[in-house]
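A closer look at the structure
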Amino acid sequence: MTDLQLEMDMNCVEKLNEDQKIAFLKAFSRLAAADGKFDADEKAFIKNVGVTFGISPKRVNEILKIDNDDEILEEVKKIDNRRAALELIKEMCVLAHADDELSDEETAFIGKVGMAMGVDLDKIEQISNWVIDRLIWLEEAKLIFEEV
């Protein structure tokens, strides 16, 4: 499993209002559960994002229980900042690849979220490929620099 870390561009995320940040978290939470495995590392990652966003732990715990795709797709439409929408897609791709297994459900959900925010499928694929290339590069670095 890849070590989950918050790597998002906080400059664009800081411009979001609380509802938009909550929509971000809802998308993360639903994606993490999309493959039927919502493990402790994924929950901890989402809780960490919530703390970073200034969302109360109680509210984050409520978000972790949401499993209605339609509700979440309506919520992400609130993210009207293009850069933040692209950042969400990027971070969703990172999260989806964290267990080294990208499921069809995860792929479909990322596509639906992107489309709900006006991000076309070609751009989503481009972001996904960039994330994959980056993860490969990071793994190669561990081998090259003998980090076990």
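In this report, the structure presented in the accompanying data block is examined.

Each value, and the rule that gives it
Residues numbered from 1 in each chain as written. Predicted model: local features only at pLDDT ≥ 70, side-chain atom pairs only at ≥ 80, totals over all residues. Heavy atoms only, no water. Helix = DSSP H or I, 4+ residues; strand = E, 2+ residues; numbered from the N terminus. Rg over C-alpha atoms; globule rule 2.2 N^0.38 Å. Buried < 20%, exposed > 50% of the residue type's maximum accessible area, 1.4 Å probe, protein only. Contact = heavy atoms within 4.5 Å. Areas by Shrake-Rupley, 256 points an atom, 1.4 Å probe, with all protein chains shown as cover. Lys, Arg positive; Asp, Glu negative; His and termini not counted. Charge placed at Lys NZ, Arg CZ, Asp CG, Glu CD. Salt bridge = Lys/Arg side-chain N within 4 Å of Asp/Glu carboxyl O. Expected span 1.5 Å × (residues − 1). Arc of directions from axis to C-beta.

Moving on to the overall build of the protein. Check the secondary structure of the protein and you find 8 helices and 0 strands. Helices and strands appear in the protein in the N-to-C order α-α-α-α-α-α-α-α. Computed over its C-alpha atoms, the radius of gyration of the protein comes to 15 Å, within 12% of the 15 Å expected for a compact globule of 148 residues. Principal-axis analysis of the C-alpha atoms gives the protein an extent of 45 × 35 × 30 Å. In the protein, buried positions account for 45% of the 148 residues. Here the analysis covers contacts within the protein between residues at least 6 apart in sequence; of these, 78% occur between residues at least 24 apart. Accessible area of the protein: about 8,200 Å², with a carbon and sulfur share of 49%. Separation between the mean location of the 19 positive side-chain charges and that of the 34 negative ones in the protein comes to 7 Å.

For the rest of this paragraph, the subject is the side chain of Lys-21. Considering the arrangement of structural elements, one finds Lys-21 in helix α2 (residues 18-34). As a buried residue without a salt bridge, Lys-21 has its nearest oppositely charged side chain in Glu-14, at a separation of 7.6 Å. Every residue in contact with Lys-21, bar those within four places of it in the chain, is listed here: Val-13, Glu-14, Leu-16, Phe-53 and Ile-55.

The terminal C-alpha atoms of helix α3 (residues 40-53), which comprises 14 residues, lie 20 Å apart, in line with the 20 Å expected from a rise of 1.5 Å per residue. Turning to α3, its buried residues are Glu-42, Phe-45, Ile-46, Val-49, Gly-50 and Phe-53. Each buried residue of α3 sits inside an arc of 140° when the element is viewed along its axis, so together they form one side. The exposed set on the far side of α3, more than 90 degrees from its buried face, consists of Ala-40 and Val-51.

Here we come to the environment of Ala-141. Residue position: Ala-141 is located in helix α8 (residues 121-144). As for Ala-141 and Glu-62, which are separated by 79 residues in sequence, their C-alpha atoms are 38 Å apart.

With that settled, consider the pattern of salt bridges. The final tally for this structure, using the stated rule, is 12 salt bridges. Residue Lys-26 pairs with Glu-75 through a salt bridge whose shortest N-O separation is 3.7 Å. On the criterion of sequence distance, the pair formed by Lys-26 in helix α2 and Glu-75 in helix α5 (residues 69-76) is long-range, its members being 49 residues apart. For the pair shown, Lys-26 and Glu-75 are each scored as buried. A salt bridge links Lys-77 to Glu-74, with the nearest nitrogen and oxygen atoms 2.9 Å apart. Here Lys-77 falls in the partly exposed class, since its relative accessible area comes to 46%. Bridged by salt links that share partners, the residues Asp-9, Arg-83, Glu-87, Lys-90 and Glu-91 form one connected network.

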